[in-house]
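# Structural characterization, general
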Amino acid sequence: MDVRQLVALNLRRLRVARQISQDDLALAAGIERSYAGHLERGSKNPTIVTLEKLALAMECEIAEFFQKIPDGTTGIEPLKSGRRPPSARSSK
């Protein structure tokens, strides 16, 4: 697994574990939602500044994006699809 795929899997793993949508993550990090999707698919290379923005938005350390993924891990379960009602978004 190359480093871009490692960062992609960890980014998605951390986001899903925190129950954060791509939209909300992108908004909090100040990046485009489509760019967040590219990063999670490993099709774009993030800068260290972008990784810092994402880490701050998810309240984690940048190093967590580079953690070794256990052997046999193929993907991360997605969040339930659909938008949350506004009241659910603001109650974080």
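Further up the page is the structure itself.
The following paragraphs examine the structure supplied in this document. The model shown is predicted, which means the values in this text are computed figures rather than measured ones.

The next subject is the packing of helix α1 (residues 3-17) against helix α3 (residues 33-41). Taken N-terminus to C-terminus, the directions of α1 and α3 make an angle of 120°; their axes are 6 Å apart at the nearest point. As judged from the angle between their axes, α1 and α3 are oblique. Contacts between α1 and α3 pair Gln5, Ala8, Leu11, Arg12 and Arg15 from the former with Leu39, Glu40 and Arg41 from the latter. When its residues are assigned to classes, the contact of α1 with α3 shows three nonpolar, one polar and four charged.

Another point: unusual backbone geometry. One non-glycine residue with positive phi stands out, namely glutamine 19, at about 60°. By the element assignment, glutamine 19 lies in the loop between α1 and α2 (22-29). Looking at glutamine 19, the relative accessible area reads 52%, which means it is exposed. In this model, glutamate 59 sits at a positive phi of 55°, which is unusual for a non-glycine residue. Overall, glutamate 59 belongs to the exposed group, its relative accessible area being 74%.

Turning our eyes to something else, we now look at the pattern of salt bridges. Per the counting criterion, the structure on display carries three salt bridges. For glutamate 40, the salt bridge goes to arginine 12, with nearest N and O atoms at 3.5 Å. Within this pair, whereas glutamate 40 is found in helix α3, its partner arginine 12 is found in helix α1, the two being separated by 28 residues in sequence. Two residues, arginine 33 and aspartate 23, come together in a salt bridge whose shortest N-O distance is 3.8 Å. Residue arginine 33 is found in helix α3, and its partner aspartate 23 is found in helix α2; the two are separated by 10 residues along the sequence.

Cut-off values and rules
- Residues numbered from 1 in each chain as written.
- Predicted model: local features only at pLDDT ≥ 70, side-chain atom pairs only at ≥ 80, totals over all residues.
- Heavy atoms only, no water.
- Axes fitted to C-alpha atoms, helices over the stretch in contact; angles between N-to-C directions.
- Helix = DSSP H or I, 4+ residues; strand = E, 2+ residues; numbered from the N terminus.
- Parallel < 35°, antiparallel > 145°, perpendicular 65-115°, else oblique.
- Contact = heavy atoms within 4.5 Å.
- Nonpolar A, V, L, I, M, F, W, Y, C, P; charged D, E, K, R; others polar.
- Buried < 20%, exposed > 50% of the residue type's maximum accessible area, 1.4 Å probe, protein only.
- Salt bridge = Lys/Arg side-chain N within 4 Å of Asp/Glu carboxyl O.

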